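Observations on the model geometry
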Amino acid sequence: MIYTGGTIGMIENHETGALMPFDFSHISEQVPELKKFNCQISTISFEKPVDSSAIRPEFWVELAKIIEKNHDSYDGFVILHGTDTMSYTASALSFMLENQHKPVILTGSQLPIGTLRTDGKENLISAIEVAATRRNGRPIISEVCIYFEFKLYRGNRTTKLNAENFDAFASFNYPLLAEAGVHIKYNFEFIHSPKHREKLTIHTELDNNVAILKLFPGIKKEVVSAILNSEGLKAVVLETFGAGNAPTDAWFIECLQKSIEKGIIILNITQCKSGSVNMGRYETSVDLLRIGVISGYDITTEAAITKLMFLLGQKLSQNEIIKMLNTSISGEITISE
Ligand code: ASP
């Protein structure tokens, strides 16, 4: 169990009333049930637990290294993490851990674990159960997941959707991997099962020279060009409308085209929560296709931005990056045959 921070371990600051991360002992004291597990649980805590809004790529590297170091000694890993950026961390790890064959389950809560109505206990206990479960001598799960409010999701398909409800996450473009009721029911057909058992490799080079450009009706040229001309920029997630559509104004297409000519990668993803980009279907995306904008298919924003950071960090050629953007690395996109 790796504790990074988040509401699950927070307590109230007496002076301001605001919630702040606390050290790990707070959690273990609050969940005596952990002793009842029929498995051995070791814990590692980040030296300075954080609210997940403060998470940076360096934290992902630290997490990947902890998992690599302990991968052969444990049946599974549970990462306690704030919900705000949990989907980004899950997505990043899904790219950084190659040949993972143990479960890595992220969870957290909307109410601190010390509060009476906390959702943290169920989340934590079931996440441990999932991480420890084996079938025919092998872990059922061998991918990065989020367990939250009775549901197990493929991590890189999730989005935080609700800041209030316990049911905080959704995976619009991929089915649930499991649901917890009286029993935890796994949807085996959607769970990744590794073909070979090669050694885990971690990729710790991430390049954050990336940006997200979200379109809206009336967006100004100054805004678009300020983003596209930011220093060092190497790739942009372009959040378009519907099936990948954008304004057809000449200035807009020219701005994008100039960036692409400079070698900047533009990945087209939809602002819709569900569904996929389909460039060329409407006239409003024909130009994007023509100038070399890449389709993001049905990827989430969280997975798109972390996939770009990961690919740019691998020092690949532009063509190789484009090829990987059209490939599912760890189940983050649906590519129809
Ligand atoms: N702000 C908190 C965090 O993401 C919210 C949570 O944990 O649910 O760390």
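Within each chain, residue numbers correspond to sequence positions counted from 1 in written order. In view of the model being predicted, local features appear only for residues whose pLDDT reaches at least 70, and side-chain atom pairs are presented and counted only at 80 or more, with totals across whole chains, interfaces and linings using the full set of residues. Side-chain numbers come from the whole structure's heavy atoms, not from hydrogens or water.

It is worth spelling out the site of the ligand at this point. We call a residue near a molecule or strand whenever a single non-hydrogen atom of that residue lies within 4 Å of it. The local shell around the ligand consists of G6, T7, M10, D51, S52, G82, T83, D84, S109 and Q110. Throughout this description, a polar contact denotes any pair of N or O atoms lying within 3.5 Å of each other; where both atoms belong to protein, one of them has to be capable of donating a hydrogen while the other can accept it, and for residues adjacent in sequence the pair is counted only when both atoms sit in side chains. A distance of 2.9 Å separates a nitrogen atom of the ligand from a polar atom in the side chain of D51. Between an oxygen atom of the ligand and a side-chain N or O atom of T83, the distance comes to 2.4 Å. Residue exposure ignores everything except the shown protein chains as possible cover, and the areas themselves are Shrake-Rupley values with a 1.4 Å probe. Taken by itself the ligand offers 270 Å² of open surface, and the protein chains cover 90% of this.

Only Phe, Tyr and Trp rings take part, Trp by its six-membered ring, and two of them pair if their centres are within 6.5 Å. Stacked means planes under 30 degrees apart, edge-to-face means over 60, and tilted covers everything else. Evaluated as defined, the whole model comprises 7 aromatic pairs. Considering the side-chain rings of F46 and F59, the 5.7 Å spacing of their centres and the 25° angle between planes classify their relative orientation as stacked. Remark: F59 occurs in helix α2 (residues 57–70) and F46 occurs in strand β4 (residues 44–50); sequence separation between them is 13 residues. Across this residue pair, the class does not change: F46 and F59 are buried. Plain terms: the ring middles of Y174 and F190 are 6.0 Å apart, the flat faces sit at 80° to each other, and that makes the pair edge-to-face. Remark: F190 occurs in the loop between β15 (184–186) and β16 (201–202) and Y174 occurs in the loop between β13 (169–170) and β14 (178–180); sequence separation between them is 16 residues. For every residue, the accessible area (1.4 Å probe, protein chains only) is compared with the maximum for its type, and the residue is labelled buried under 20%, exposed over 50%, or partly exposed between those bounds. Relative accessible area serves as the criterion here: at 17%, Y174 is assigned to the buried category. Exposure remark for F190: the relative accessible area of 26% places this residue in the partly exposed category. For the cation-ring pair, R135 lies above F188, with the distance from its terminal atom to the ring centre recorded as 4.0 Å. Strands here are runs of E lasting at least two residues and helices are runs of H or I lasting at least four, both read from the DSSP assignment and numbered beginning at the N terminus. Two conditions define a charge located above a ring, namely a distance within 6 Å from the ring centre to NZ of Lys or CZ of Arg, and an angle within 35 degrees of the ring normal.

Honestly, that's just the spatial picture; any functional story needs more than this.
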